[in-house]
Amino acid sequence: MTDRITITKPDDWHLHVRDGAMLKASLPFTAKHFGRAIVMPNLLPPVLKVKDGEAYRDRVIAALPEGSTFKPLMTCYLTDDTDPDEIETGFREGVFTAVKMYPANATTNSAHGVTDFQKIRRVLARMEKIGMSFLMHGEEADPAIDVFDREAVFIERRLEPMTRDFPGLRMVLEHLSSREGVQFVRDHAPQMGGTITPYHLMLTRTDWLGYGNRPYMYCMPVIKRREDRDALRKAATSGASCYFLGTDSAPHPVTRKLNVVGAAGLFNSPVAIESYAQVFAEENALDKLEAFASLNGPKHYRLPPNAETITLERQTWTAPEDIRVDGEERALVHRGGEKISWKVTAH
Ligand code: NCD
Ligand code: ZN
């Protein structure tokens, strides 16, 4: 049994760090173990223009602990009215690494998202031409669609036609949550990549709803069946280069998580790489962790892997229940209070 593993320093290809006090409180957990992260643009108001991306990047860098070499990779929030020239300028100036598409009202802070997929065709054509990645919250937000089927229906209605119409467009289906998502990405690689979160690899909807309602497990896309989780575990640990690490760590103040209408999103960066290591160890696939965490993502984004390494060891520690954000405000930590069986012991 392997008890110690050294891998190329990982990157997080899907991360929310918010702004202000929450940014300051949450970012250090990612910066500690990850080289880079794709930073999500769903702020209020969202990151729409090149100048918004630059200003947000500067705030992220200012919130880094001293001496950190962590690099944020910024994204632009796609709306029906996004101008292809704005996207291209942001990409050429090195401000935007990718564009993020939220279907309107599919998740947290997505009210400005896409309502009409015809309207974004010019942007997609431009991205295809300049080689810029298109990141998707892949869920159909039509109220007639059952929440557990949103990913599968998005694939059928939206994604399948997009892959045909824009065969040269690099795409990432974010936070894969279903067997259908896993299969679609595999069938459309290398055009398509998919990120997988630690919580979709570990939880089932029975964990979430079967033993009392656990609102802190509520996220979008919602946690699905055991069969879906097992397909995700198989995909992540397969070594196939179309699957890569994206935590979707998404902190919210605890009062918003536990509200009558609770906010979707799990704050997992304090236990992220350790949780992935646990899953890979359980699947007897620790030898595939480096590909998933540190090599497949850079390959998809056509970036070099990080030069540094990190070492993980089988060692038990207890995750903090929550973190202090500002004054009395706190954010619950995914797996908070649980015994974590892997620990980062060297950088
Ligand atoms: C994310 C958030 O809180 O911003 N929430 C979530 O449930 N994953 C948004 C997202 O990625 O859908
Ligand atoms: Zn997200």
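Nothing here was measured: the structure is a model prediction, and the numbers come from that model.

## Observations concerning the environment of isoleucine 120
- Within the fold, isoleucine 120 resides in the loop between β5 (96-101) and α4 (121-130).
- When the C-alpha atoms of isoleucine 120 and aspartate 83 are compared, they prove to be 9.2 Å apart, with 37 residues separating the residues in sequence.
- In contact with isoleucine 120, not counting residues within four places along its chain, are Leu78, Thr79, Val114 and Phe134.

## As for the coordination of the zinc ion (ligand 2)
- At the metal site, the zinc ion (ligand 2) is ligated by His14 (NE2), His16 (NE2) and Asp248 (OD), and these contacts range over 2.0 to 2.1 Å.
- Spacing between the donor residues of the zinc ion (ligand 2) along their common chain follows H-x1-H-x231-D. Placement of the pair is histidine 16 in the loop between β2 (12-15) and α1 (20-33) and aspartate 248 in the loop between β9 (243-245) and α10 (254-257), with a sequence separation of 232 residues. For the pair shown, histidine 16 and aspartate 248 are each scored as buried.

## A closer look at the pattern of salt bridges
- Under the defined criterion, the tally for this structure stands at 20 salt bridges.
- Here lysine 51 makes a salt bridge to aspartate 52, at a shortest N to O gap of 3.6 Å.
- A salt bridge links arginine 233 to glutamate 283; the shortest N-O distance between them is 2.7 Å. Note that arginine 233 is positioned in helix α9 (residues 226-236) and glutamate 283 in the loop between α11 (272-282) and α12 (289-301), a separation of 50 residues in sequence.
- Arginine 233 sits in the buried class, given a relative accessible area of 8%.
- The structure contains a network of salt bridges with shared partners spanning Asp85, Glu88, Arg92 and Arg126.

## Brief notes about unusual backbone geometry
- A cis amide bond, omega -5°, links leucine 44 with the succeeding residue proline 45.
- Structurally, the position occupied by proline 45 is in the loop between β3 (36-39) and α2 (50-62).
- Here the residue pair alanine 189 and proline 190 is connected by a cis peptide bond, since its omega of 5° sits within 30 degrees of zero.
- Considering the arrangement of structural elements, one finds proline 190 in the loop between α6 (179-187) and β8 (192-196).
- We note that asparagine 284 has phi near 55°; this positive angle belongs to a residue other than glycine.

## A short note on the pairing of strand β6 (residues 133-136)
- The alternating pattern of β6 places Ser133 and Leu135 and Phe134 and Met136 on opposite faces, both of which are buried.
- Across 4 bridges, the pairing between β5 and β6 is parallel. Considered in β6, the bridge of lysine 100 is made with leucine 135.
- Considered for its hand, the β-α-β crossover made up of β5, α4 and β6 is right-handed.
- As judged from the 3 bridges shared by β6 and strand β7 (residues 171-173), these two strands associate in the parallel manner. Residue pairing for β7: phenylalanine 134 is matched across the bridge by methionine 171.

## Concerning the packing of aromatic side chains
- Applying the stated rule across the entire model yields 9 aromatic pairs.
- Taken together, a centroid distance of 4.6 Å and an interplanar angle of 15° make the contact between tryptophan 13 and tyrosine 301 stacked. Taken as a pair, tryptophan 13 in strand β2 and tyrosine 301 in helix α12 lie far apart in primary sequence, 288 residues in all. For the pair formed by tryptophan 13 and tyrosine 301, the shared burial category is buried.
- By way of ring pairs, the aromatic residues Trp13, Phe244 and Tyr301 are connected into one cluster.

## Structural notes on the sheet that holds strand β10 (residues 309-318)
- A sheet is described by the order of its strands in space; here 3 strands give the open sequence β1-β10-β13, paired in antiparallel fashion. Looking at which strands have only one partner, the edges of the open sheet turn out to be β1 (4-8) and β13 (339-346). Geometrically, the sheet is characterised by an average inter-axis angle of 40° between neighbouring strands, direction not taken into account.
- Direction of pairing for β10 relative to β13: antiparallel, over a ladder of 6 bridges. Each bridged residue has a counterpart across the sheet, and for arginine 314 the counterpart in β13 is tryptophan 342.
- Of the strands in this sheet, β1 and β10 are in contact with α12, which crosses β1 at around 25°.

## So, the nonpolar core
- Of all hydrophobic cores here, the largest spans 75 residues; its most connected members are Phe134, Leu159 and Tyr243.
- Here the element with the most residues in this core is α11; it accounts for 7 residues.
- Every residue in contact with phenylalanine 134, bar those within four places of it in the chain, is listed here: Leu78, Val99, Met101, Ile120, Leu124, Met127, Met162, Leu169, Arg170, Met171 and Val172.
- Counting 11 residues, the second largest nonpolar core, distinct from the first, contains Trp13, Leu73, Ala98 and Leu135.

Conventions we followed
Residues numbered from 1 in each chain as written. Chains lettered and ligands numbered in written order. Predicted model: local features only at pLDDT ≥ 70, side-chain atom pairs only at ≥ 80, totals over all residues. Heavy atoms only, no water. Helix = DSSP H or I, 4+ residues; strand = E, 2+ residues; numbered from the N terminus. Contact = heavy atoms within 4.5 Å. Donors = N, O, S within 2.8 Å, 3.2 Å for Na, K, Ca; no water. Buried < 20%, exposed > 50% of the residue type's maximum accessible area, 1.4 Å probe, protein only. Salt bridge = Lys/Arg side-chain N within 4 Å of Asp/Glu carboxyl O. Pairing = 2+ DSSP bridges. Right-handed = clockwise from strand over helix to strand, strands pointing away. Phe/Tyr/Trp six-rings, centres within 6.5 Å; stacked < 30°, edge-to-face > 60°. Axes fitted to C-alpha atoms, helices over the stretch in contact; angles between N-to-C directions. Core = buried A, V, L, I, M, F, W, Y, C linked by side-chain atoms within 4.5 Å.

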